[in-house]
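Structure at a glance
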Amino acid sequence: MNEIVIEIVPEMEDERIDKCISNYMENLSRSYIQKIIKDGSVSVNGQVVKANYRVKVDDKVRFIIPDSVEPDIPAQDIPLDILYEDADILIVNKPKNMVVHPAPGHYEDTLVNAVMYHCRGQLSGINGVLRPGIVHRIDKDTTGSIIVCKSDEAHNAIAELLKTHDITRKYRAIVYGNVKDDQGTVDTPIGRHPIDRKKMAVNEKNGKRAVTHYRVLERFEQYTYIECQLETGRTHQIRVHMASIGHPLLGDTVYTGRKAPFHLEGQVLHAMTIGFVHPRSNTYMEVEAPLPEYFVKLLRILGKNT
């Protein structure tokens, strides 16, 4: 069992305890949190509390997460857009609205379910039953290339390249506003948002170094089409960095607070190019995922309005 302790800071004052824990533990659903509260596994300053308890500054919230029982993750015959495949790795063009790996309460219709069916047991097991073969991820609403490792050897090799920033990762995005410079670099640390634990933010105090290089591809009246190359790979890195310089991603309601125009479903962001030294051949390879149809159509619309 894992014991978690949260010390309540002023920004959390007067939140219901179930919401407080939910913001802090983004991988746990609110219903699951309410269950462990009902089971008496949550206490404040040593006293067991109910779900409607509102936290106070300097409260110490303690709760226990039971050891997980490995869920049965089903292999599902979900079509995959395969960009490259050999005995060691699989590179897939992930569509919009597909989650990469299962999570509590969502064990089906993910990329992992599809890959398990396609690879039929030939996947790296390093990241366990929920993330077999998965060495990195992209957001649900981000499209594009993602590497899946078929063996532990390939997994270890790709993970090391990610650690040393030796994988080429180029994204295409459309951002609000007219980006002033033709190219630039954002080098600011990213960490968990101090209040909303489900969001990331530029965090000079507790963040980890994050570097995004960008260049302008085309300018429109109210938007700019750009390419972003990641030097690091923090959660929501491009979304946070571009928002931090006043050019949030079009369609990103999380980091803009604006309603998405053009009937978009999430941010306009595509993981277009991925390049790395192949773990077996030891030669550099690069794979490109074509822009999705919605992205191409949007560029056409914006071009007509310029």
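Procedures and definitions
Residues numbered from 1 in each chain as written. Predicted model: local features only at pLDDT ≥ 70, side-chain atom pairs only at ≥ 80, totals over all residues. Heavy atoms only, no water. Helix = DSSP H or I, 4+ residues; strand = E, 2+ residues; numbered from the N terminus. Rg over C-alpha atoms; globule rule 2.2 N^0.38 Å. Contact = heavy atoms within 4.5 Å. Areas by Shrake-Rupley, 256 points an atom, 1.4 Å probe, with all protein chains shown as cover. Buried < 20%, exposed > 50% of the residue type's maximum accessible area, 1.4 Å probe, protein only. Salt bridge = Lys/Arg side-chain N within 4 Å of Asp/Glu carboxyl O. Polar contact = N/O pair within 3.5 Å; in protein donor to acceptor, adjacent residues only side chain to side chain. Axes fitted to C-alpha atoms, helices over the stretch in contact; angles between N-to-C directions. Parallel < 35°, antiparallel > 145°, perpendicular 65-115°, else oblique. Left-handed = near helix turned anticlockwise from the far one by under 90°. Core = buried A, V, L, I, M, F, W, Y, C linked by side-chain atoms within 4.5 Å. Expected span 1.5 Å × (residues − 1). Arc of directions from axis to C-beta. Phe/Tyr/Trp six-rings, centres within 6.5 Å; stacked < 30°, edge-to-face > 60°. Lys NZ or Arg CZ within 6 Å of the ring centre and 35° of its normal.

**Notes on the overall build of the protein**
- Along its length, the protein carries seven helices and 15 strands.
- A compact globule built from 306 residues would reach a C-alpha radius of gyration of about 19 Å, and the protein, at 21 Å, matches this within 12%.
- Reported as C-alpha extents along the three principal axes, the dimensions of the protein are approximately 60 × 50 × 35 Å.
- Of all intrachain contacts in the protein linking residues separated by at least 6 positions in sequence, the fraction that spans at least 24 positions is 65%.
- In the form shown here, the protein has an accessible surface area of approximately 15800 Å², with 46% of it arising from carbon and sulfur atoms.

**Observations concerning unusual backbone geometry**
- Phi at Asn97 is positive, roughly 70°, even though this residue is not glycine.
- You can call Asn97 partly exposed: its relative accessible area is 39%.
- Backbone geometry at Phe262 places phi at a positive 60°, although glycine is not the residue there.
- Looking at the element boundaries, Phe262 is found in the loop between α6 (253–256) and β14 (269–277).

**Re the pattern of salt bridges**
- Scanning the model with the defined rule gives 13 salt bridges in all.
- Through salt bridges with shared partners, a single ionic network connects Arg137, Asp139, Arg239 and Asp252.

**Quick notes on the environment of Tyr84**
- Assignment of secondary structure puts Tyr84 in strand β5 (residues 82–85).
- Relative accessible area serves as the criterion here: at 27%, Tyr84 is assigned to the partly exposed category.
- As for Tyr84 and Val179, which are separated by 95 residues in sequence, their C-alpha atoms are 34 Å apart.
- In this structure Tyr84 touches Ile89, Leu90, Ile91, His278, Met285 and Val287, once residues within four positions along its chain are discounted.
- Polar contacts involving the side chain of Tyr84 include one to the side chain of Asp86, which spans 2.7 Å.

**Some words on the packing of helix α1 (residues 17–24) against helix α2 (residues 30–38)**
- Where α1 meets α2, the closest approach of the two axes is 9 Å, and the angle between their N-to-C directions is 125°. On the basis of their axis angle, the class for α1 and α2 is oblique. For the pair α1 and α2, the crossing hand works out as right-handed. Residue-level inspection shows Ile17, Asp18, Lys19, Ile21 and Ser22 of α1 in contact with α2, the latter providing Arg30, Ile33, Gln34 and Ile37.

**Topic: helix α5 (residues 237–244)**
- Buried residues dominate α5, accounting for six of its eight residues.
- The set of residues buried in α5 consists of Gln237, Ile238, Arg239, Val240, His241 and Met242.
- Just beyond α5, the residue with positive phi is Gly246, at close to 85°.

**Focus: the nonpolar core**
- In this structure, Ile6, Ile8, Ile17, Ile21, Val42, Val61 and Phe63 are the most contacted members of the largest nonpolar core, which totals 17 residues.
- When residues of this core are traced back to their parent elements, those giving at least two are β1 (2–7), α1, α2, β2 (42–44) and β4 (60–65).
- Setting aside anything within four residues of it in sequence, one finds Val61 in contact with Ile4, Val5, Ile6, Ile8, Ile17, Ile21, Val42, Ser43, Val44 and Val55.

**Digging into helix α4 (residues 152–163)**
- Under the 1.5 Å per step criterion, the end-to-end length of α4 is 16 Å for twelve residues, consistent within 8% with the ideal 16 Å.
- All of the buried residues in α4 are Ala154, His155, Ile158, Leu161 and Leu162. Burial along α4 is one-sided: seen end-on, the buried residues are contained in an arc of 130°. Every exposed residue of α4 that faces more than 90 degrees away from the buried side is listed here: Glu153 and Lys163.
- Looking at the buried residues of α4, the elements they touch are β6 (89–94), β7 (143–149), β8 (168–176) and β14.
- Note on α4: the residue one or two positions beyond its end, His165, has a positive phi of about 60°.

**Focus: the packing of aromatic side chains**
- Throughout the structure, instances matching the rule amount to four aromatic pairs.
- Plain terms: the ring middles of Tyr223 and Phe262 are 6.1 Å apart, the flat faces sit at 65° to each other, and that makes the pair edge-to-face. In this pair, Tyr223 sits in strand β13 (residues 223–230) while Phe262 sits in the loop between α6 and β14, placing the two residues 39 residues apart along the sequence.
- Members of the aromatic cluster, joined through ring pairs, are Tyr176, Tyr223 and Phe262.
- Seen from the ring of Tyr117, Arg120 lies directly overhead, with NZ or CZ sitting 4.5 Å from the centre.
- Directly above the ring of Tyr176 sits Arg258, whose terminal nitrogen or CZ lies 4.0 Å from the centroid.

**A few points about the side chain of Arg172**
- Relative to the helices and strands, Arg172 is located in strand β8.
- Polar side-chain contacts of Arg172 include one of 2.8 Å to the side chain of Tyr225.
- Residue contacts for Arg172: discarding those within four places in its chain leaves Leu217, Tyr225, Ile226, Glu227, Val268, Leu269, His270, Met272, Leu291 and Phe295.

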